[in-house]
Structure formats: C-alpha cells, structure tokens
Amino acid sequence: MAWFALVAIALTGTVVVFLVFALLRSNRNAMDSRREANVSIYRDQFSELERDLESGTLDSSQYVQARAELEQRLLDDVQGATQSKTEAARSARMAALIVAIMVPLGAGLLYLHLGNPEGLTAPKRSVADASSITVDQFKDMTEKLAARLERKPDDAVGWMMLGRAYKVLERYPDAVKALQRAEELEPRNPEILVDYAEALALDNGHNLEGEPTRLLERSLQIAPDNEKALTLAGTAAFARSDYASAVRHWQRLVAKLPADSELGRALSSGIAEAKARAAGKAALGNPARRPSDASKSVSGTVRLSPLLVARASPDDTVFIFVRAAEGPKMPLAVLKKQVKDLPLSFKLDDSMSMTPGLELSAFARVVVGARISKSGSATPKAGDLEGKSRAVEPGASGVQVTIDSPIQ
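Quick caveat, the model's predicted, so the values are computed rather than measured. (Residues numbered from 1 in each chain as written. Predicted model: local features only at pLDDT ≥ 70, side-chain atom pairs only at ≥ 80, totals over all residues. Heavy atoms only, no water.)

Caption draft 1: Here's a closer look at the packing of aromatic side chains. Across all of its chains, the model carries two aromatic pairs by this definition. Seen from their ring centres, F238 and Y243 are 5.2 Å apart, and the 70° between their planes marks the pair as edge-to-face. Across the pair, exposure class does not vary: F238 and Y243 are buried alike. Ring centres 6.0 Å apart and planes at 25° place the aromatic pair F238 and W250 in the stacked group. Separated by 12 residues along the polypeptide, F238 in helix α9 (residues 227-239) and W250 in helix α10 (residues 243-254) bring together distant segments of the chain. Exposure remark for F238: the relative accessible area of 5% places this residue in the buried category. Counting every residue linked through ring pairs, the aromatic cluster contains F238, Y243 and W250. (Phe/Tyr/Trp six-rings, centres within 6.5 Å; stacked < 30°, edge-to-face > 60°. Buried < 20%, exposed > 50% of the residue type's maximum accessible area, 1.4 Å probe, protein only. Helix = DSSP H or I, 4+ residues; strand = E, 2+ residues; numbered from the N terminus.)

Spelled out as structure tokens, the structure:
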C-alpha cells in the first residue's frame, strides 16, 4: 500500500502546484493590464494638452499649470498602483498558501471519512486455496448463501450456485428446490437447465428419464456444445437404448475434447459400446469391462465407527460406491449390502458401472464411499451415516472406508 500513498501524495501535490501557479499568474496579469491601461490614458491626455497649446486654446501659463496637475495625478496613480500591487500580491500569496494547505488537508479528511484507511496498513492476503476449505467451512458458506438469497430472492446466479453447493453436500431435494427457483428466473440459461436436470436425476436415484431429459434437450437447443449437457444427454439416450442419439451426443463432445483427457477416453469407450449394441453385438471386446483384470478394480474394507453403532440397525442398507476424484459426481460403480454384513470386504470394478462409458478404469483417481441408508433409498437423507476414503488410483487394494459421519 506504500505505492498508493506515494501516488496519492504526488497527484495531490501536482494539483496544488497548478492551482497556486494559476492564482499568482492571474493576479500578475491583471495588475499588468491595469498599469498599461493607465499609462495609455495619461499618454492621450498629454497629447491633448500639446494640441490645445498649438491651436491657441491654452496659453503657455495655462499649459504649464495643466501639465503640472496631470503629472501630479500620474505620480499619485503610480504610487497608488504600486501600493495596490503590493497588497494584491500579498492577497494572492495568502490565497495560494490557503490552497496549498487546504487541498491536501481536505483530500486527507475526505479519504478518512469515505475511504478505507485500514487498507494502507492491512497485511497482504493471498487468495484462499479452495482445496484447503473444510467440510464445515463449506457448509457454513452454503448456509450464508442461502440466508442471503432469502433477502435477495431474484438472484438467479445465486440460486444456481446454491443448488450446486447442495449437490456437493448431497442434499439433493434442496438442490432441486434451489435450481427450480433459478430456472424460473432465467428459463433460457443452459447452465441452470443442466444443473437442474442433474439434481432431479440425483434426487430420483440417478434416473435421467422424464423431466431431466426434457431439460437437457432445452439446454442443447440453446447451447448445442454444452459439455455437461452432451454428456448427460448421451447417458440418458444410452439408458433408454437410443444408441444412435447417445453416439451423436458423445461424438459431438469428444471432437472438442483433448485426445488424452479422462472424459474423452471414457466417452470413447461409451461410444464404442453404443455402436456395438446398435449393431446387435455384445461389447465383449471392451477391455474396460473385464472384471477379472485387477488393474481395473478397487478393493478394500468398509467398517462402521464404534461411536455410531447405536445409530444403525442390522437390516439398514449399506451402499458402497466409487466416484471420480475429479470429474462427474455420478457413481461409477455401486455395491449394495446391509449393516449386519459390516465389516466387509468389497471389490468394485467396471462390470458394476452405472453408466456405460463412465467407468472407474477411465479415471486417474477415484474415491470410495459408503453410506448407511435408514430408508433404503440411494438418495442421501438426514440421519444417514457415511464415510469416504482418500483418493486412490484404479487397481488400488486395501482401501479403508470408515462410516463415521452422520448426514445433517
């Protein structure tokens, strides 16, 4: 902030110099103009006396007397002008001094009143690293955003961001409500339409049929190259056995992705399978679907924290799933068990894929999660218990997942 202070002082000083110079110069010019006018008047009067003397209007004694009187008036005016000039110069200097003092002082007082003086001495702060935000901090930020939208309910972008936050927190019903409000405010925003479709699908057991599909179609009419809309629209088409549409959507997206991207490889695998199914062939040649290959699976153990044993019943459903650490949030593979089976060993592979083309082997890093559902629904609800592993690579074994967190 030292640079801000130096620049402010330099600019203020420049303004003061210009103002003081203008005051002093204007005063000097005014005095010079007045003196030149007086001299011109007296010169004309002396010339008139000379003409009167030559024409005989005045005799010699009258001429001498009139000239003496005129010279005396000239002397008096010169003395008066000198005194006035001194007083004027003194006034100009006083005005310049006042300007030189008041301009910087006034600028400083205005900044103290309207500006941010603390900013001059505040320590520099780096931009917060999103990866360092804890779950509790994220939840707090989400609640603050929700509170702000209660006061400002016409912020479509705010509702979209809130819906996305709720999806991250797996509060799918709340995400649906937030994104429905965003869609009402901006019905032609393709990003809102896609997020709304995804939230509806997540809240309905990852089912894209019906309203989610219609929302995706609206989004693609507005933005034909929307990456997320093309991915989900292809997935919805594949699920209803419309393989031609799935290929069309995914190929349009693959053409715009880097050849070595994870999503590109996953979609290419999905395209190959969709084409094979469309031709009436089983996709047996797809190496991404060979569960016997250990490099295409993730295995480990799921346990329930002793602190939460009293909050679970033996017949409660346990969902064990794997997701991409960076990428789509939809499960890549799912295994269903019961609490009475815990602790249990698991193995998740591409044969358990929820969406063809989106398989765990297509991603560099994945996360294994486990959730105890009191209702038996795949949609998380308050009172369910969950736990997650650290990010691992496909082929990892010995992955430990402890169910240790209740869903609020």
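Caption draft 2: The arrangement of the nonpolar core in detail. Counting residues in each nonpolar core, the largest one holds 43 residues, and the members touching the most others are L162 and L216. Here this core takes eight residues from helix α7 (residues 190-203), the largest share from any one element. In contact with L216, other than residues within four places in its own chain, are V194, A197, L208, A229, L232 and A233. (Core = buried A, V, L, I, M, F, W, Y, C linked by side-chain atoms within 4.5 Å. Contact = heavy atoms within 4.5 Å.)

Caption draft 3: Main features of the sheet that holds strand β2 (residues 317-324). An order of β3-β2-β5-β6-β8 is seen for the five strands of this open sheet, with the pairing classed as antiparallel. In this open sheet, the two strands that pair with only one neighbour each are β3 (333-338) and β8 (405-406). Strand direction decides the pairing type here: β2 and β3, joined by six bridges, are antiparallel. Across the sheet, V318 pairs through a bridge with K337, a residue of β3. (Pairing = 2+ DSSP bridges.)

Caption draft 4: Here's a closer look at α10. Here α10 spans 16 Å end to end across 12 residues, near enough to the 16 Å set by a 1.5 Å rise per residue. All buried positions along α10 are accounted for by Y243, S245, A246, V247, H249, W250 and L253. In this structure, the buried residues of α10 make contact with α8 (211-222), α9 and α11 (262-278). (Expected span 1.5 Å × (residues − 1).)

Caption draft 5: Structural detail: the packing of α9 against α11. Two elements in contact, α9 and α11, have axes separated by 12 Å at closest approach and are oriented at 30°. Considering their axes alone, α9 and α11 lie roughly parallel with respect to each other. Judged by the sense of rotation from one axis to the other, the crossing of α9 with α11 is left-handed. Across the interface between the two elements, E227, T231 and F238 from α9 touch L263, L267, G270, E273, A274 and R277 from α11. A breakdown of the residues in the contact of α9 with α11 according to their chemical character gives four nonpolar, two polar and three charged. (Axes fitted to C-alpha atoms, helices over the stretch in contact; angles between N-to-C directions. Parallel < 35°, antiparallel > 145°, perpendicular 65-115°, else oblique. Left-handed = near helix turned anticlockwise from the far one by under 90°. Nonpolar A, V, L, I, M, F, W, Y, C, P; charged D, E, K, R; others polar.)

Caption draft 6: Structural context of the sheet that holds strand β1 (residues 297-304). With mixed pairing, the three strands of this open sheet are ordered in space as β4-β1-β7. Strands with a single pairing partner mark the edges of an open sheet, and in this sheet they are β4 (344-349) and β7 (399-403). Averaged over all pairs of adjacent strands, the angle between strand axes in this sheet comes to 30°, irrespective of strand direction. Alignment of β1 against β7, held across five bridges, turns out to be parallel. When the bridges of β7 are listed, T301 appears paired with Q400.

Caption draft 7: Summary view of the packing of α10 against α11. Put simply, α10 and α11 touch, their axes get as near as 9 Å, and they point 155° apart. The orientation of α10 with respect to α11, classified from their angle, is roughly antiparallel. As α10 runs across α11, the sense of the crossing is left-handed. Between α10 and α11, the contacting residues are Y243, V247, W250, Q251, L253 and V254 on the first element and L263, G264, L267, S268, G270, I271, A274, K275, R277 and A278 on the second. Here the residues of the contact of α10 with α11 sort into 10 nonpolar, four polar and two charged.

These results come straight from atomic positions and should not be treated as a statement about function.
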